[in-house]
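Next come the chains, spelled out residue by residue.
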Amino acid sequence: MTRILLLALLTAAWIAGEFVIDRRYRSAGGGESRDAGSLTLLHRVIGTCIALAIGLGIAGVGRWPTGLQLPLYATGIWLMVAGLGLRWWSVHTLDRWFTVDVA
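These numbers come from a predicted model, not from an experiment.

Chemist: Looking at this structure, how should I read helix H2 (residues 38–59)?
Modeler: Owing to its 3.6 residues per turn, the α-helix aligns residues three or four sequence positions apart on the same side. For H2, which comprises 22 residues, the first-to-last C-alpha distance of 31 Å matches the rise-based estimate of 32 Å (1.5 Å per residue) to within 8%. Glycine 60, located one to two residues past H2, shows a positive phi value of around 80 degrees.

Written out as structure tokens, the structure reads:
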């Protein structure tokens, strides 16, 4: 599996996870959302940054020295996996007390 493919798969897992969390934990009519779109903006900014990083990686722009590439890649992948795991664990732990709506 190439490095870019693994990054793309983790990104797809993040997007799918956020979609599921949004659908499952949206307030059921009881709370009025007071979020002025910050969550949507945050998702768009993060998604754009990831897409840009993938595009730059494919284009070969801004390469790190060869000796640093694998350790930095492994650290980034580890941080993505840890972050996704922490997010999903937190949502699962909070369960009925978790909502994506700020109310």
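This is not the end of the story, as more comes after the structure.
Chemist: Please explain a nonpolar patch on the surface as it appears in this structure.
Modeler: Taken together, the side chains of Leu52, Leu56 and Val61 present a nonpolar region at the surface, about 270 Å² in accessible area. Structurally, the position occupied by leucine 52 is in helix H2.

Chemist: I keep staring at the pattern of salt bridges and nothing clicks. Help me out?
Modeler: Using the criterion set out here, one finds two salt bridges in the structure. A salt bridge links glutamate 18 to arginine 87, with the nearest nitrogen and oxygen atoms 2.8 Å apart. Placement of glutamate 18 in helix H1 (residues 3–24) and of arginine 87 in helix H3 (residues 66–94) is noted, with a sequence separation of 69 residues between them. Judged by relative accessible area, which is 11%, glutamate 18 ranks as buried. A salt bridge links arginine 23 to aspartate 22; its shortest N-O distance comes to 2.2 Å. Classification of arginine 23 as exposed rests on a relative accessible area of 54%.

Reading guide: rules and limits
Residues numbered from 1 in each chain as written. Predicted model: local features only at pLDDT ≥ 70, side-chain atom pairs only at ≥ 80, totals over all residues. Heavy atoms only, no water. Helix = DSSP H or I, 4+ residues; strand = E, 2+ residues; numbered from the N terminus. Expected span 1.5 Å × (residues − 1). Patch = residues over 30% accessible without salt bridge, like charges linked within 9 Å, V, L, I, M, F, W, Y side chains within 5 Å. Areas by Shrake-Rupley, 256 points an atom, 1.4 Å probe, with all protein chains shown as cover. Salt bridge = Lys/Arg side-chain N within 4 Å of Asp/Glu carboxyl O. Buried < 20%, exposed > 50% of the residue type's maximum accessible area, 1.4 Å probe, protein only.

Read these as spatial facts, not as claims about activity.
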